[in-house]
Structure formats: structure tokens, C-alpha cells
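Single-letter residue listing:
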Amino acid sequence: MPKLFIETLGCAMNSRDSEHMIAQLREKEGYTTTEDFKEADLILINTCSVRERPVHKLFSELGGFNKKKKKSAKIGVCGCTASHLGDEIIKRAPYVNFVLGARNVSKISEVLHKDKAVEIDINYDESEFAFDDFRTSPYKAFINISIGCDKACTFCIVPKTRGDEISIPADLIINEAQKAVDSGAKEVFLLGQNVNNYGRRFSGDTEKVNFTELLNRLSKIEKLERIRFTSPHPFHMDDEFIEEFARNPKICKSMHMPLQSGSSKVLKDMKRGYTKEWFINRVEKLRAECPTVSISTDIIVAFPGESDADFAETIDVMKQVRFDQIFSFKYSPRPETEAEHFPEVDSEIASQRLSYLQTLNNEILDELHLESMDKTYRVYFEELIRDGYVSGRSDNNIVIKVKGSEELLGTFQEVKVNAIGRTILTGEILA
Ligand code: SAH
Ligand code: F3S
């Protein structure tokens, strides 16, 4: 059997795309996977281009694979950097056998047999493609609910690498969830760039269902215990959506609300479609409807034109909201985006802002975690980790570990927290 080595960078959507490619290569081409690229017959890198990862890093990595791989092994570059660099990849690294864009994953078998194929059409529509089945985790099923993104955030390259947004028909999503549950998964994780915009455009003549209705239908699947999703967009968080979120017991009480900036002026320059006040108002509504909710966010510091006063607004939102988790980034100019040529903030100032924000975040987290001490959470165990521990997540997305082994995997347990750490809490299972 031929062997596949796959390296996946970037977001959860890329992880699911990799699962889709593995599924196609297993079922249609007879591949098995390997962790060692030196014994692989096919090497795939599934790339991310959201922030600048110096392009030379990709090429030096490719060079390394090329030097040490099996002589007959093929190399394919997939994902968002494939979409954006296209045939330039083969020009610069002629030993690369094919380039497959983030919106063309379903063509993996095709490009495998066409030397020097470059498939990167961002208008290609694979929203109804029936992928074969492969999941990395038996406990939790990642399911795409849309492809592409219709927004035009001025910093973001994604609409240029994944194309326009098309929703996947609801019956396909529900069938996929049902299949995952039948094979033992108790949690589904819905994926899209903009999940709460779901249902705005379908490619075929399919029943129009919005996100709230989709959540409602999924929760009718018996034996499905948990529904998570990422990412919703603050602009689309209407009352109906927040109320369904709060009311539906199968929806995990953890919400990712990508703020990006706390300054309404910067938000306008980013074309995010909401203001600081709207964001805070949505957080208040969410917490009023659902007091146990945990809220995570993404923040970009030093977007072009961000003044000290703008940055202070971001800090103000952090202090008001006290996010349970923050993914923070220094602004990175991306090709083909509107902000690409905006004058940049001094890089020294950008680093200082990022470090200030992260220090404040750590202080807030330490305080929040202290509040978790001695509390009891219902944890779904998913992973064996080091030193005889098993880890899982509470409904509101706190990562908790307990001493234990395989038999805990895929089970729900009541766990009392007895030690705290910055990224993971420790607890004991209540008898
Ligand atoms: N729709 C997705 C966004 C994908 S990009 C979502 O809402 O999660 C993931 C995150 O990367 C963004 O939320 C943003 O915070 C960050 N990001 C995107 N482009 C960036 C850039 N040019 N510089 C720095 N961070 C960026
Ligand atoms: Fe990017 Fe904005 Fe879409 S961050 S993925 S253009 S919602």
C-alpha cells in the first residue's frame, strides 16, 4: 500500500480539508498514512496564508523534503498558500508535482495523476461534493457547513484563497452528523469562516435553512450530546441566534467572538461592519441570556493607522469583557488585500502593544482560573496526554485533565477542579 505523509498548518478548516484529502486518497487510491516523510510515497503540505509565514520558509521546507524523501515520492502543495502562489510554486521548486488550492480539495485524486497540475480556481464549487469518510478523532466530528467567505475585511487574504461563500445543503450536514454519531462521536464541531451567515447562498436548488434552524435540526439527532461551532461573526449575532444558543442544551456554552479591535475607527478601516458599542452590547445580551458562557476572541494589534488611543479602546474592551481566551496577533500585511499598502505602525510599537495585551490577558486568565477552583464541570474526555493523564473539555470549553487512561476516552464525567494552570486545569472525577 502506498504511504501518505501530510503536514497541516493553520486553522480547523485546514485540518478538516486534510481529513478530506486523506479520505479520498485512502478510498480511491489505497493510501495509508505515515508519520515519517522519509518512507512516504506522497508528501502533502496543507498550507496557511492568513499571516505572513515567510515564503522562503515554505521553500526551504520543501527543499528539505525533496532531499530526504524516497526517490519516487511525489510532493504536493495544498491549501491557502497554494491558492495564492499557484504555478509560482512549481517555477521555484520544480520537483513539486502538483499544487492544489484550498477550494479544490476534492480534486486530490485527479492532480495526483497529472504531473505539474495546478488546480487553484477559487470559483470552483465543491459545496455538494460527497467526500469519503475519514476522521482523526472518533470522539468529535469536524463538519464543514460552508466554503469561502463573503466578507471583505481589509486585512484578510481568505476571500482571495477560498473564494465566495457558499453554504453546504442542510441535509448533507445532518447526514454527516448522523453518520459520525452512529460511529460513536458524541460531539460535532461545525466549521465555516462565518458560520452565523449560514444559509445566505446555496449553489443548487436546495431548501433555504438559516444557522439558527440548522442548529435546531442538528440538536434533534439522538445520542448527539454536544454541538460546537467556529467562527461566528459579531455582525451577524442577532437576538434570535443568541436566544437559540442560550436555550438549546446541546449547544456548548462557549462562543468565539472575533473582536479584532476595540476601536470603532479601526473596525471601520478593517470593514468589520460593527462598532465597539455593538460588540459590547452583544456580549451583554449573551451573558444575560446565558450566564455560564465562556467567550474567546481574536485580536489584531497595530493595524495600519492604529493610534495609542485606538489601542487603549482595545484594552478597554478586554477589561470590560474579560475574555476566557484570546488569540492575539500582530498585524501582518497580506497580498491582494485592501490594507496591503496602508502605512504600517512602527514594528517596535506593534511588539510593545502585543506584549502589553498578552500580559494583561494572562493576569485576567489567572483571576478567572482561580474562580474555577473547587468547581465541578461535566467533562468530555478526548485525548491521552503525558504522565498518565487524560484531557477533555467542559461544556464551556475549559480544558481539564485527570489521572486516567484509555477507558475514559469518549466518556462524560463530573470533575472537580483541584489545581489550576494557565492553559489546563487539573481535577478529580467525582464518584
Ligand atoms: N473568519 C475567520 C477568520 C479567519 S482568519 C474567523 O472569524 O475566525 C483567523 C484570524 O487571523 C482572524 O480572526 C484575525 O484575527 C487573524 N488575521 C487574519 N488576517 C490577519 C492579518 N493580515 N494579520 C494578522 N492577523 C490576521
Ligand atoms: Fe477573513 Fe473577515 Fe472572512 S477575517 S475569513 S474576510 S470574516
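Residues numbered from 1 in each chain as written. Chains lettered and ligands numbered in written order. Predicted model: local features only at pLDDT ≥ 70, side-chain atom pairs only at ≥ 80, totals over all residues. Heavy atoms only, no water.

Caption draft 1: Looking closely at the sheet that holds strand 12 (residues 254-256). With respect to topology, three strands assemble into an open sheet ordered 12-13-14, the strand pairing being parallel. Of all strands in the sheet, those bounded by a partner on one side alone are strand 12 and strand 14 (325-330). The average undirected angle you get between the axes of adjacent strands in this sheet is 15°. (Pairing = 2+ DSSP bridges. Helix = DSSP H or I, 4+ residues; strand = E, 2+ residues; numbered from the N terminus. Axes fitted to C-alpha atoms, helices over the stretch in contact; angles between N-to-C directions.)

Caption draft 2: Geometry of the site of ligand 2. Inspection of the region around ligand 2 gives C149, K151, C153, F155, C156, V158, P159, Q193, N194, H233 and R272 as its neighbouring residues. Tallied by class, the residues present in the shell around ligand 2 amount to six nonpolar, three polar and two charged. (Near = heavy atom within 4 Å. Nonpolar A, V, L, I, M, F, W, Y, C, P; charged D, E, K, R; others polar.)

Caption draft 3: Focus on the site of ligand 1. If you check the shell around ligand 1, you find 14 residues, and the closest are Q193, S231, Q260, D298 and S332. With respect to ligand 1, the side chain of S231 contributes an N or O atom lying 2.8 Å from an oxygen atom. One nitrogen or oxygen atom from the side chain of Q260 is found 2.7 Å from an oxygen atom belonging to ligand 1. In the complex, 88% of the free accessible area of ligand 1, which totals 540 Å², lies under the protein chains. Broken down by secondary-structure element, the contributors of at least two residues to the shell around ligand 1 are strand 13 (294-301) and strand 14. (Polar contact = N/O pair within 3.5 Å; in protein donor to acceptor, adjacent residues only side chain to side chain. Areas by Shrake-Rupley, 256 points an atom, 1.4 Å probe, with all protein chains shown as cover.)

Caption draft 4: Just the domain arrangement of the protein, in detail. Segmentation of the protein into domains returns domain 1 (3-119), domain 2 (140-370) and domain 3 (376-429). Look at where the C-alpha atoms of domain 2 and domain 3 centre, and you get two points 25 Å apart. Taken together, the two surfaces of domain 2 and domain 3 that pack against each other cover about 1400 Å², and 41% of this comes from carbon and sulfur. Considering only the side of domain 2, the residues that lose the most area to domain 3 are K186, R226 and H369, jointly responsible for 39% of the buried surface there. Of the charged contacts, one joins D366 and R422 as a salt bridge, the two residues approaching to 2.8 Å between their closest N and O atoms. At the surface where domain 2 touches domain 3, the tally comes to 13 residue pairs in polar contact (both at pLDDT 80 or more). (Domains from an automatic or database assignment. Buried area = accessible area lost by both parts, 1.4 Å probe. Salt bridge = Lys/Arg side-chain N within 4 Å of Asp/Glu carboxyl O.)

Caption draft 5: Quick look at the environment of T297. Relative to the assigned elements, T297 resides in strand 13. Between the C-alpha atom of T297 and that of R334, which follows or precedes it by 37 residues, the distance is 21 Å. Polar contacts involving the side chain of T297 include one to the main-chain carbonyl oxygen of M257, which spans 2.5 Å.

Caption draft 6: Region of interest: the sheet that holds strand 6 (residues 117-119). Spatial ordering of the open sheet is given by 2-1-3-4-5-6, a layout of six strands whose pairing is parallel. Each of the sheet's edge strands pairs with one partner strand only, and the pair in question is strand 2 (32-33) and strand 6. In this structure, strand 1 (residues 3-8) lies alongside strand 3 (residues 42-47), joined through five bridges in parallel fashion. Note on strand 3: the bridge partner recorded for T8 is N46. Seen against the sheet, helix 2 (residues 55-68) touches strand 1, strand 3 and strand 4 (74-79) and runs at an angle of roughly 170° to strand 3. (Contact = heavy atoms within 4.5 Å.)

Caption draft 7: The arrangement of the state of the cysteines in detail. A complete count under the given rule lists zero disulfides for this structure. Just so you know, C78 is unpaired, no disulfide at all, and the nearest cysteine sulfur is the one on C80, 11 Å from it. (Disulfide = S-S within 2.5 Å.)

Caption draft 8: How the structure looks around the pattern of salt bridges. Scanning the entire structure with this criterion turns up 30 salt bridges. Among the ionic pairs, K3 bridges to E39, the shortest N-O distance being 3.7 Å. Of this pair, K3 sits in strand 1 while E39 is found in the loop between strand 2 and strand 3, placing the two residues 36 residues apart along the sequence. One salt bridge connects E187 with R226, and the closest N-O pair in it is separated by 3.9 Å. One end of the pair, E187, is in strand 10 (residues 187-191); the other, R226, is in strand 11 (residues 226-230), with 39 residues separating them in the sequence. You can call E187 buried: its relative accessible area is 1%. On the accessibility criterion, R226 (3% relative accessible area) is buried. Linked by salt bridges that have partners in common, R16, E19, R135 and E176 make up one network. (Buried < 20%, exposed > 50% of the residue type's maximum accessible area, 1.4 Å probe, protein only.)

Caption draft 9: How the structure looks around unusual backbone geometry. Of note, the bond from T230 into S231 is cis; its omega dihedral lies within 30 degrees of zero at -5°. Its location among the elements puts S231 in the loop between strand 11 and helix 9 (239-247). Positive phi values are uncommon outside glycine, yet K271 reaches one of about 55°. Within the secondary structure layout, K271 lies in the loop between helix 10 (264-269) and helix 11 (276-289). Even without glycine at this site, D374 takes up a positive phi of about 70°.

Caption draft 10: Here's a closer look at helix 13 (residues 347-372). The terminal C-alpha atoms of helix 13, which comprises 26 residues, lie 37 Å apart, in line with the 38 Å expected from a rise of 1.5 Å per residue. Considered for burial, the residues of helix 13 that qualify are A350, R353, L354, L357, L360, N361, I364, L365, L368, H369 and S372. Buried residues along helix 13 sit against strand 13, helix 12 (308-321), strand 14, strand 15 (376-385), strand 18 (412-419) and strand 19 (425-429). D374, located one to two residues past helix 13, shows a positive phi value of around 70°. (Expected span 1.5 Å × (residues − 1).)

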